There are 2 protein chains.
Amino acid sequence: MNKIKIAVVQLGVPDERDLAVDKAERLVRKAAGMGANIVLLPELFQTPYFCQERRYEHYELALSADKDPAVLRFTEITRELSLVMPISFYERDVNSFYNSIAMLDSGELLGIYRKTHIPDDHFYQEKFYFSPGDTGFKVWETRFGKIGVGICWDQWFPESARCMTLMGAELLLYPTAIGSEPIIECDSMPHWRRCMQGHAAANIVPVAAANRVGTERITPDDSNAGQSSELTFYGSSFITDCYGEILETCDRTSDDVIISEFDLDKCRSARQEWGVFRDRRPEMYGIISGKNC
Amino acid sequence: MNKIKIAVVQLGVPDERDLAVDKAERLVRKAAGMGANIVLLPELFQTPYFCQERRYEHYELALSADKDPAVLRFTEITRELSLVMPISFYERDVNSFYNSIAMLDSGELLGIYRKTHIPDDHFYQEKFYFSPGDTGFKVWETRFGKIGVGICWDQWFPESARCMTLMGAELLLYPTAIGSEPIIECDSMPHWRRCMQGHAAANIVPVAAANRVGTERITPDDSNAGQSSELTFYGSSFITDCYGEILETCDRTSDDVIISEFDLDKCRSARQEWGVFRDRRPEMYGIISGKNC
């Protein structure tokens, strides 16, 4: 038996960075009080989702990990509370910018993963802000299991989940910021969930996703070329078992903490007994990695 | 608009091969009467699931496509009824044996796909009967769209679905024979479905799966080393839309025909607008195809 408890924090993000980090800390302390070993916060939880509009001054939000307020704050909190936490932040590296997570284990920075897949749509204008990640997928050996983290858009790609599982991930975590689609007017929530339930089912690993809630509005001014828009983030954060069944879920609008316990040894047995890793045929998959079959 | 109708046939398989092909024909004619353009039958529907036990004489069931009774029968039926049908059969190629489908379009044999992933468990002893397929994944340009077919165990692999979609598949079809797990005693049905719903969701293509129903028993004798067992195939055949939502489903025990209509142009727009193919990073996926990242 190798039991761990993972908590997912869902929250609406205050306008002020300090208040946002304070709020995240309160909810993380609540999760720790519930017995969590691993706590997952949403993507870019220190600020409103600035990618809704294009403004050069938002580049100034990006900082290196050793200067980012949330990374610094949670380094201390994970040390105090013996937690494992991936902290999503806007990372500056000289003149390049990345959508990154800093992986923290009990006060130690295990490393950084930079979001591999960068979306771009009318009000999710991420290619303006982030270079595609250059770290490759990462799996960290933490005191509570081997953990792979994908960031938001990464969660749509079966390749991300498969690469991380092949690298040894026993748990997949996805910090997220996703909501309404004002142009195509769809509710992508069920599609979004099914995609990640599929990753859990196919890779036989538990999956957790943390999303934000609330409506964030943009009013037009010169520096955003007169854009007027709003996004409503749909929450619905969840945790699945290693067969993709949803164990715990948040609603679409509330700040919340959910928690599930897993026996990682049991999940490992399930992966072995089901035989899908034994029966892979890598030589047949060349088209996926851009090689000819 | 580019509308097509796909039907899935679920059935219990009679002991006699001729009766099994007759029964399949009756249900296919019913599907055609409902307006189907594409009809999907379960895996190896000409015989009870012989892989439940090991018997050398079952190798004699394997035939080349030009001699297989079901391939021959449905060549005529697809010509008569202007149907597209992948016909699952046990294929002999000199001294090798494959779990194959023959892709038929209105009386024409478009080609053969040999199951890439071969399972092996106590009563699904397929590695005894089938070599791993050597054709690679296949996508056929039919008169009713570009169709990719995975065979049963292939459906558990996100790589199969992704390869076929990258090769241009607009629809994914999975003939199947899956049921109880007498040793691990799980009901894999929800896991099985979620896996394929995930393929639909991640690749933004409709998915259909046809399974058999009924309990098939093995009584011990010398040539099967005294095996006594039974498998209950759980049906639950289904069709999803291109977001992985289940549109039509069969129950766990009945012969049945289900049908759904799709506008393939609409699905293509959805794939384009969602942007996941635009944002892939093949250079990051090397581990999937056995190359170092």
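Cut-offs applied
- Residues numbered from 1 in each chain as written.
- Chains lettered and ligands numbered in written order.
- Predicted model: local features only at pLDDT ≥ 70, side-chain atom pairs only at ≥ 80, totals over all residues.
- Heavy atoms only, no water.
- Least-squares fit on C-alpha atoms with pLDDT ≥ 70 in both.
- Contact = heavy atoms within 4.5 Å.
- Salt bridge = Lys/Arg side-chain N within 4 Å of Asp/Glu carboxyl O.
- Buried < 20%, exposed > 50% of the residue type's maximum accessible area, 1.4 Å probe, protein only.
- Helix = DSSP H or I, 4+ residues; strand = E, 2+ residues; numbered from the N terminus.
- 1 Å grid on protein atoms, 1.4 Å probe; cavity = no way out; pocket = protein on both sides within 12 Å on 5 of 7 lines; lining within 4 Å.
- Points joined across faces, edges and corners; volume = space filled by probe spheres on them.
- Nonpolar A, V, L, I, M, F, W, Y, C, P; charged D, E, K, R; others polar.

Engineer: Sorry, what's going on with the relation of the copies chain A and chain B here?
Structural biologist: Relating one copy of the chain to the other requires a rotation about an axis plus a shift along that axis. Under the fitted operation, chain A is carried onto chain B by 0.0 Å of movement along the axis and a turn of 180°, and the coordinates agree to an RMSD of 0.0 Å. The superposition operator between the copies reduces to a two-fold rotation axis. Minimal C-alpha distance to the rotation axis in chain A is attained by A:G198, lying at 1.9 Å. Of the residues that chain A buries at the interface, 100% are likewise interface residues in chain B, meaning the two copies contact each other through the same surface.

Engineer: I'm lost on the pattern of salt bridges in this one. Help?
Structural biologist: Within the structure shown, the criterion is met by 51 salt bridges over all chains. With a shortest N-O distance of 2.9 Å, A:R278 and A:D279 are connected by a salt bridge. Here A:R278 falls in the partly exposed class, since its relative accessible area comes to 47%. Given a relative accessible area of 5%, A:D279 falls into the buried group. The salt bridge involving A:D279 is made with B:K127; its shortest N-O contact spans 2.6 Å. With A:D279 in the segment after α5 (264-274) and B:K127 in the loop between β5 (108-114) and β6 (139-142), this residue pair bridges two chains.

Engineer: So what exactly am I meant to see when it comes to the environment of A:G179 here?
Structural biologist: Tracing the backbone shows A:G179 in the loop between β8 (171-175) and α4 (189-203). Not counting the four nearest positions on each side in its chain, A:G179 is found in contact with A:Y124, A:S188, A:T232, A:F233 and A:Y234.

Engineer: In this structure, what is going on with the layout of surface pockets? I would like to understand it.
Structural biologist: A probe as big as a water molecule, rolled over the atoms, marks out the empty space that is left. Residue and element names in this part refer to chain B. Looking at the largest pocket, its volume works out to about 430 Å³. Around the largest pocket sit 21 residues that line it, and C242, Y243, K266, C267 and A270 are the ones nearest its centre. For the lining of the largest pocket, the leading source of residues is helix α5 (residues 264-274), giving six residues. Of the residues assigned to the lining of the largest pocket, the class counts are ten nonpolar, three polar and eight charged.

Engineer: What is the right way to look at unusual backbone geometry in this model?
Structural biologist: If a residue is not glycine, its phi is most likely negative; likewise, a peptide bond is most likely trans. Unusually for a residue other than glycine, A:E185 sits at a positive phi of about 50°. Counting through the fold element by element, A:E185 comes out in the loop between β8 and α4. A positive phi angle, close to 55°, is found at B:A225, a residue other than glycine. Its location among the elements puts B:A225 in the loop between β10 (212-218) and β11 (229-234). Relative accessible area serves as the criterion here: at 74%, B:A225 is assigned to the exposed category.

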